[in-house]
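# Architecture and fold: a report
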Amino acid sequence: MKRIRLLTIFRHLIQCLCKYSMLTIEWLKQGKRIHVVMNIILGLILLVFFHWLTPLMLGQKLLNVQFDHYVRRDADLTRQDTDKYLGQVVYFDIDHLIYKSWGKPAVTPRDQVADMIQIASESGAKVIILDILLNADKEVQGESDRKLRQVLENIKAQGTTKIVFATKVDFDKEMTASVIEDLIDDKEQFFHATPLGEANSYDFVCRFWIPYQEVGSPENRDIIWSIPVLAAVLADGDIEQLHKLRASILAGENANKTQSYKISLGNGKEFELPVSSKETYLNRIRFFHVPSDPFQPGKWSGNLSPRSVHLLSDGMDKLSSTEGSRSVRGKTVVIGNSSPDKGDIHMTPLGPMPGMYIQGNAINTLAGGLQSSDPEHGKWSLLLDVIVTVIAAFVFAYLDAFSAKVLIAVPMIIAAVYSYELLLSKGYFLNYIFPVIGICIHEQISGVEHILKKFSKKSPPA
Amino acid sequence: MTRRVISATLLVTLILVCQVAWASSMLGWVVTENNALVIVRADGTQVPCQQYAELYEGDVIQGEGADLIAIQWYLPAAGKESTANGVRVTLKRPGFFQSLVADVKDFLGLTEEARVVLGLNTRSTKQKLPSEASLYPGYYATVALDEKVKLTWGQSDAEELTIKDNKGNVVYSTKVRGLTAIELQPDKVGLRAGEVYQWLVDETAGSYSLKILSEDAAAILRRDLATLDKGANPYEKSLKKAAYVRMLSDSYPDDFDLYWISDRYARAAFGSADEKLNRRAIYFIECYKLHLNDQERRSNASAKEGRK
């Protein structure tokens, strides 16, 4: 019985499809065909053109206009609902006041770094990101180095907190050794990580995180993961995934870079590692965390609560207080120096920002499941594009130019309004700037249609 | 139609004028002079290859060692190519249409977008002291009669160091097996004020000039350095002395070549907590290295000339 009903529905569907196909063909015969065909051709040309334009400077600028707008909305969102969007990242900030009181030393005093690591670990931090280089070639700090070593050895013996050490890789792809190099094994607890990010070359605004950096000679090639990737996996995922992926990358699998890598996190979230160096969507940093700038009040309005940012100038006691410990428990702690005199301030879509906060935002983007992706990147992309092109072709053919623009503009405006919601909930980056440009171009192309129409009228009937 | 023709003609004229103006403009100037060389202009006139001599397209620098002459270029497209009797100054013009297309693409933003890598981490702002040069006090240097000077040559397989006067007589000789430097005081080894000496390592390995300052010049130097020896900060004092001897060497190159002392003072000035002072010290140390490179080029050129 059920089968017969399904067959009936299927028959009706086929009949409907045939009927409407015949109607469409009939309609196409009735004089609108040149316009429709022209519009479809125009739509397809635009599709190819925008695909070609995307990696170019102009395409990137247009995309950045839209995405930077979203980034500002992200920051506003955190301001409205701090707890919801702050995620699992806490900052231990060696701010300018404390750095000045130390006499602005060229090398951050490692006994102070040791104290901060110890407090974070004892407070129950899951992961500590040390965004300070501990290069052995700069200065050996005798007693301070011994203290740092002692603290790290204790943490290693306890096996609780995982620590990621920012590591400099020089031009020859050699890792610069740190003063505690022998303690870092890159297996379970202590890891090297590259602290690099990427900016667009035309405006030097930092917008992207990188997945990993290659190190070593061609014969002895290796990779070190970036801080956000390691931090997100160590906090909520299984490090074995990264070990396997590393082996796969080193073995040259997926060498033609056709597929991206998916990393699952224990909290049900996942993120994708981009494989192409020209990736536009997946490696964008979402700036939900904005520190306040004490030197330019009002210009750079912060949105972080005192529970998320612990300034060292407030005293080490405050860090180790009960309230301080509570704010750190189970979280990822980023330790860095935000003093402008350390030269680690970079331009972001929200303004200048210390590197440690950019790292924190990148970690939050991955660990919080806030990674953006392109629906064009997904399976429905081509179908969606073609459907939009065909609908637009019919609308522009059937209606006059003004009415067609209005009709198309309405869903575009709705898309523009809700695109941010889509990005926030699904991570989809809906590009509405290119279709808007397409509609504007249609006007210019209509002149060609008139010429074709005149030509077809002049030609003798068959 | 007439307007279009006139516009096109004007445009072509403008391009031609620009091309001619470009061709006749100065492309560079000579940095290291060598009076043994001569610059032959396109019209056949000849000028000596002196410092700051202007170079134009088609000029030929003739003579042995012409390829070693350092030239400061004004245009990136300017360069030189070897010819049978020297080097020719050339200008490689980019293709007009290629550069036009590149400019239009650049203007419209249709060029490939590149990314810049940033280090998002706190790093040490400590300056590193540059390594010592392999040669002190240089290919040519002036030294005071009663001040110790360290002669450094960098090769540990040398056997003997010899100092000769300008007549070729050996004034001083010592075994240096396994050493790369020795320290000596000119008056203690028989050198005299105002004289020029050659110091050689193993006769064939290297030959360098040493001029002993005249008593007057040494007295001026000593007096001025004593004036600078006031103030509390030892780093600043050393830095001022480094700057002073550098200034003296630049202003009176025939009498003083004290870049090496500038390097010594700058190294003494390094290590302050004030990184600005350290940066200035590094500047004077780098200046000595550049001076040494310049001396090496001149020395090689004159050696070739001597062989010729």
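Below: a short report on this structure. Being a predicted model, the structure only gives us computed values, none of them experimental. (Residues numbered from 1 in each chain as written. Chains lettered and ligands numbered in written order. Predicted model: local features only at pLDDT ≥ 70, side-chain atom pairs only at ≥ 80, totals over all residues. Heavy atoms only, no water.)

## Some words on the overall build of chain A
Where we set the bar: Helix and strand labels come from DSSP, where a helix needs a run of H or I of at least four residues and a strand needs a run of E of at least two; each type is numbered from the N terminus. For each residue, the accessible area found with a 1.4 Å probe, counting protein chains only, is set against the maximum for its type, and the residue is called buried under 20%, exposed over 50%, and partly exposed in between. Residue contacts are counted whenever heavy atoms from the two residues lie within 4.5 Å of one another. Only the protein chains shown count as cover for residues, with accessible areas throughout obtained via the Shrake-Rupley method and a probe of 1.4 Å.
What chain A contains, in helices and strands, is 14 helices and 14 strands. Every one of the 462 residues in chain A was classed for burial, and the buried ones make up 47%. A fraction of 74% describes how many contacts in chain A between residues 6 or more apart in sequence connect residues 24 or more apart. Of the roughly 23300 Å² of accessible surface on chain A, 60% is carried by carbon and sulfur atoms.

## Some words on the sheet that holds strand 1 (residues 28-30) of chain B
Residue and element names in this part refer to chain B. What counts here: Strands are labelled as partners when DSSP assigns at least two bridges between them.
Within the open sheet, the three strands sit side by side as 4-1-6. Their pairing is antiparallel. Looking at which strands have only one partner, the edges of the open sheet turn out to be strand 4 (54-55) and strand 6 (71-73). Strand direction decides the pairing type here: strand 1 and strand 6, joined by three bridges, are antiparallel. Directly across from glycine 28, in strand 6, lies its bridge partner tryptophan 73.

## Quick word on the pattern of salt bridges
Here is the rule we go by: The salt bridge criterion pairs a side-chain nitrogen of Lys or Arg with a carboxyl oxygen of Asp or Glu, the two atoms within 4 Å.
Under the defined criterion, the tally for this structure stands at 30 salt bridges over all chains. Note that Arg115(B) and Glu198(A) form a salt bridge whose closest N and O atoms lie 3.4 Å from each other. One end of the pair, Arg115(B), is in strand 9 (residues 115-119); the other, Glu198(A), is in strand 5 (residues 196-200), on a second chain. Accessibility expressed as a relative area gives 13% for Glu198(A), which makes it buried.

## Examining the packing of helix 5 (residues 110-122) of chain A against helix 6 (residues 142-158) of chain A
Residues and elements named next belong to chain A. What counts here: Whenever a helix is involved, its axis is fitted only over the stretch in contact; in every case the axis is a line through C-alpha atoms, and angles between N-to-C directions fall within 0 to 180 degrees. Throughout this description, any angle smaller than 35 degrees is read as roughly parallel, any larger than 145 degrees as roughly antiparallel, any in the 65 to 115 degree range as roughly perpendicular, and the remainder as oblique. Should the near helix be turned anticlockwise from the far one by less than a right angle, the crossing is termed left-handed; should it be turned clockwise, right-handed. Gly is put with the polar residues, along with every residue not named as nonpolar or charged; the nonpolar set is Ala, Val, Leu, Ile, Met, Phe, Trp, Tyr, Cys and Pro, and the charged set is Asp, Glu, Lys and Arg.
As a packed pair, helix 5 and helix 6 sit with axes 7 Å apart at the nearest point and diverge in direction by 20°. Comparing their axes, helix 6 and helix 5 come out roughly parallel. Crossing of helix 5 against helix 6: the hand is left-handed. Contacts between helix 5 and helix 6 involve Arg110, Asp111, Val113, Ala114, Asp115, Ile117, Gln118 and Ser121 on the former and, on the latter, Ser144, Asp145, Lys147, Leu148, Val151, Leu152, Ile155 and Gln158. Here the residues of the contact of helix 5 with helix 6 are counted per class, giving seven nonpolar, four polar and five charged.

## Thoughts on helix 3 (residues 215-228) of chain B
Residues and elements named next belong to chain B. Worth spelling out the cut-off: Here the expected length of a helix is defined as 1.5 Å per residue gap, with one fewer gap than residues. Note that the arc is defined by the directions from the helix axis to the C-beta atoms.
In this model, helix 3 (14 residues) spans 20 Å end to end at C-alpha, consistent with the 20 Å of a helix rising 1.5 Å per residue. Those residues of helix 3 lying buried are Ala217, Ala218, Leu221, Asp224 and Leu225. The buried residues of helix 3 occupy an angular sector of 135° when projected down its axis, which confines them to one face. Away from its buried face by more than 90 degrees, helix 3 exposes Glu215, Asp216 and Arg223. Against the buried residues of helix 3 lie helix 4 (234-251) and helix 5 (259-269).

## Some words on the interface of chain A and chain B
Put simply, the rule reads: Joining two parts hides part of their accessible area as seen by a 1.4 Å probe, and the buried area is that hidden amount summed over both. Definition of a polar contact: a pair of N or O atoms within 3.5 Å, with one able to donate and the other able to accept a hydrogen when the atoms are protein atoms, and with sequence-neighbouring residues admitted only if both atoms are side-chain atoms.
The interface is formed by 45 residues belonging to chain A together with 21 residues belonging to chain B. For the pair chain A and chain B, the two sides together bury roughly 2800 Å², of which 55% comes from carbon and sulfur. Taken together, chain A and chain B are joined by 14 residue pairs in polar contact (both at pLDDT 80 or more). Elements with a contribution of two residues or more to the side of chain A that touches chain B: helix 1 (2-53), helix 2 (57-80), strand 5, strand 6 (206-209), strand 12 (332-337) and helix 11 (355-367) of chain A. Looking at the side of chain A that touches chain B, its residues break down into 21 nonpolar, 14 polar and ten charged. Inspection of the sheet shows strand 5 of chain A paired to strand 9 of chain B by five bridges, in the antiparallel sense. Within strand 9 of chain B, the residue paired with Gly197(A) across the bridge is Leu118(B).

## Some words on the packing of aromatic side chains
For clarity, the cut-off: The pairing test for Phe, Tyr and Trp rings, Trp by its six-membered ring, is centres within 6.5 Å, and the orientation test on the planes gives stacked under 30 degrees, edge-to-face over 60, and tilted for anything in between. As a reminder, the over-ring test applies to NZ of lysine and CZ of arginine, requiring each to be within 6 Å of the ring centre and within 35 degrees of the ring normal.
Per the counting criterion, the structure on display carries ten aromatic pairs over all chains. Considering the side-chain rings of Phe49(A) and Trp52(A), the 5.8 Å spacing of their centres and the 40° angle between planes classify their relative orientation as tilted. With Phe49(A) and Trp52(A) both in helix 1 and three residues apart, the pair spans about one turn of that helix. Ring geometry for Trp199(B) and Tyr208(B): centres 4.7 Å apart, planes at 45°, overall tilted. For Trp199(B), a relative accessible area of 0% puts it in the buried group. Assessed through its relative accessible area of 9%, Tyr208(B) is described here as buried. Put simply, the rings of Tyr139(B), Trp199(B) and Tyr208(B) pair up and form one aromatic cluster. Across from the ring centre of Tyr202(A), 5.2 Å away, lies the NZ or CZ of Lys61(A), which sits over that ring. Over the aromatic face of Tyr136(B) sits the side chain of Arg264(B), whose NZ or CZ is 4.3 Å from the ring centroid.

## Here we look at the environment of Leu130(A)
All names here are of chain A. Position of leucine 130 relative to the elements: it lies in strand 2 (residues 127-130). Placed 33 residues apart in sequence, leucine 130 and isoleucine 163 show a C-alpha to C-alpha distance of 7.3 Å. Apart from the residues lying within four places of it in its own chain, the contact partners of leucine 130 are Val113, Ile117, Val164, Phe165, Ala166 and Ile335.

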